[in-house]
Amino acid sequence: MARNAAPARTFGAGKSRVDSFEIISAPPANPAVRVAALLLRLRAELFVLVVGVWVWVALGPDYVRDEAGRFVAVHDTGFDTTTRVALFVAVALVLAGLPWTRRFLFHRAQAVLTRHRVRQVLVECRVLNSRSRACPLTVWARPTRVGEVVWVVLRAGIAPHAVADQAEELASACFAREARVVVWPRFTNVVRVEIIRRDPLAPNLIRSDLFRYASGDIHDPGWPTNDGPDSPVPTPRREASRAALPGAPQPAFDGPSDGGRGGDWSDYV
């Protein structure tokens, strides 16, 4: 006769225990709250999409209703589809070609990507609330001189050290060299995740003339040379050549010495 399984016992909402195993299930969330959270996470992408659609419609022709109630384009108003595509491509090439706009857009896009990656790491590493299974809120991200910084608001039941313990996972997920978690001194439920991608003190980034002078070669390749009459950096003077000093006399091992005594190996052993 088959043995009956032990009945399941409930320990609070969202938790059930069968024998020695405890299963924690997330309670159903409000669909409106989930949609609002999704819109909050995708606010940057949605903003770019809305601006692009608005510009596309603004550059297009005007539309009016005909007798049948259909929308038809008015002649000699706006640009056609081919012209609008060419304008979008030209603007994209200009933004990508100019150094300052290219760096600005690249760093902003990288900050948005870092914000998504930080949230995904916290979800995968289960830095969640123990009851509602809610993830910390990544409210803001901005680029810095060394990488990006992401502000994270912790929910009730999540300690700052839970995020700090995932520093290596955060650096790996963000394709960075290091990740640091700093707690805001005023509120411990707010932490700042600093993603370190580059070192501003590296010689390849800060090119100082002191490195060239210290190496002894002011024309060291890879460093800017400002040697000229209008150069703000003076050219170091070359030292005057000194006369070569005569060499010290060496003792004669096989010849006779001044005292009439023959030199051999026993005098120097």
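Keep in mind the model is a prediction, meaning the values are calculated, not measured.

Before going further, it helps to spend a moment on the packing of aromatic side chains. Tallied over the full model, the rule gives 3 aromatic pairs. Taking the centre distance of 5.7 Å and the plane angle of 65° together, the rings of Trp 56 and Phe 88 count as edge-to-face. With Trp 56 in helix 2 (residues 43-59) and Phe 88 in helix 3 (residues 81-97), the pair connects residues that are 32 residues apart, well separated along the chain. By relative accessible area, Phe 88 is classed as partly exposed at 34%. Joined through ring pairs, the aromatic side chains of Trp 151, Trp 184 and Phe 187 make up one cluster.

A few words now on the packing of helix 3 against helix 4 (residues 99-124). In contact at an axis separation of 5 Å, helix 3 and helix 4 are set at 95° when each is read in the N-to-C sense. Looking at the two axes, helix 3 sits roughly perpendicular to helix 4. Along the contact surface, helix 3 presents Val 94, Leu 95, Ala 96 and Gly 97, while helix 4 presents Pro 99, Thr 101, Arg 102 and Leu 105. The class makeup of the residues in the contact of helix 3 with helix 4 is 5 nonpolar, 2 polar and 1 charged.

Ranked by internal contacts, the top residues of the largest apolar core, which has 21 residues, are Val 118, Leu 122, Val 152 and Val 193. Elements represented by at least two residues in this core include exactly helix 4, strand 7 (147-153), helix 6 (167-173) and strand 9 (190-196). With 4 residues, helix 4 is the single largest residue contributor to this core. If we skip the residues at most four places from it in the chain, Val 152 touches Val 118, Leu 122, Pro 136, Leu 137, Thr 138, Asn 189, Val 190, Val 191 and Val 193.

Our next topic: the sheet that holds strand 8 (residues 178-183). Spatially, the 4 strands line up as an open sheet ordered 6-7-9-8, and their pairing is antiparallel. In this open sheet, the two edge strands, each paired with only one partner strand, are strand 6 (137-143) and strand 8. When the angles between neighbouring strand axes are averaged without regard to direction, this sheet yields 20°. Across 7 bridges, strand 7 lies against strand 9 in antiparallel orientation. Across the sheet, the residue bridging to Val 150 is Val 193, located in strand 9. The strands touched by helix 4 within the sheet are strand 6, strand 7 and strand 9, with strand 6 carrying the most contacts at an inclination of about 150°.

Moving on, we get to the side chain of Thr 138. Relative to the elements of secondary structure, Thr 138 occurs in strand 6. Judged by relative accessible area, Thr 138 falls into the buried class, the value being 9%. Each residue touching Thr 138, except ones within four places of it in the same chain, is listed here: Arg 115, Val 118, Arg 119, Val 150, Trp 151 and Val 152.

What follows deals with unusual backbone geometry. One non-glycine residue, Arg 126, lies in positive phi territory at about 60°. Positionally, Arg 126 belongs in the loop between helix 4 and strand 6. Positioned with a positive phi, Phe 175 is a non-glycine residue whose angle comes to about 55°. Tracing the sequence through the fold places Phe 175 in the loop between helix 6 and strand 8.

Here we come to a nonpolar patch on the surface. On the surface, a cluster of nonpolar side chains totalling about 680 Å² of accessible area is made up of Val 35, Leu 38, Leu 39, Leu 42, Leu 46, Leu 49, Val 53 and Val 57. For the nonpolar patch, the secondary structure elements donating two or more residues are helix 1 (31-41) and helix 2. With 4 residues, helix 2 is the largest single contributor of residues to the nonpolar patch. Looking at the element boundaries, Leu 39 is found in helix 1. The partly exposed category is assigned to Leu 39, whose relative accessible area is 47%.

This brings us to the packing of helix 1 against helix 2. Running from amino to carboxyl end, helix 1 crosses helix 2 at an angle of 70°, the nearest separation of the two axes being 5 Å. For the element pair helix 1 / helix 2, the angle class is roughly perpendicular. The residues of helix 2 that touch helix 1, namely those facing Leu 39, Leu 40 and Arg 41, are Arg 43, Glu 45 and Leu 46. Considered class by class, the residues forming the contact of helix 1 with helix 2 number 3 nonpolar, no polar and 3 charged.

Thresholds applied
- Residues numbered from 1 in each chain as written.
- Predicted model: local features only at pLDDT ≥ 70, side-chain atom pairs only at ≥ 80, totals over all residues.
- Heavy atoms only, no water.
- Phe/Tyr/Trp six-rings, centres within 6.5 Å; stacked < 30°, edge-to-face > 60°.
- Helix = DSSP H or I, 4+ residues; strand = E, 2+ residues; numbered from the N terminus.
- Buried < 20%, exposed > 50% of the residue type's maximum accessible area, 1.4 Å probe, protein only.
- Axes fitted to C-alpha atoms, helices over the stretch in contact; angles between N-to-C directions.
- Parallel < 35°, antiparallel > 145°, perpendicular 65-115°, else oblique.
- Contact = heavy atoms within 4.5 Å.
- Nonpolar A, V, L, I, M, F, W, Y, C, P; charged D, E, K, R; others polar.
- Core = buried A, V, L, I, M, F, W, Y, C linked by side-chain atoms within 4.5 Å.
- Pairing = 2+ DSSP bridges.
- Patch = residues over 30% accessible without salt bridge, like charges linked within 9 Å, V, L, I, M, F, W, Y side chains within 5 Å.
- Areas by Shrake-Rupley, 256 points an atom, 1.4 Å probe, with all protein chains shown as cover.
- Salt bridge = Lys/Arg side-chain N within 4 Å of Asp/Glu carboxyl O.

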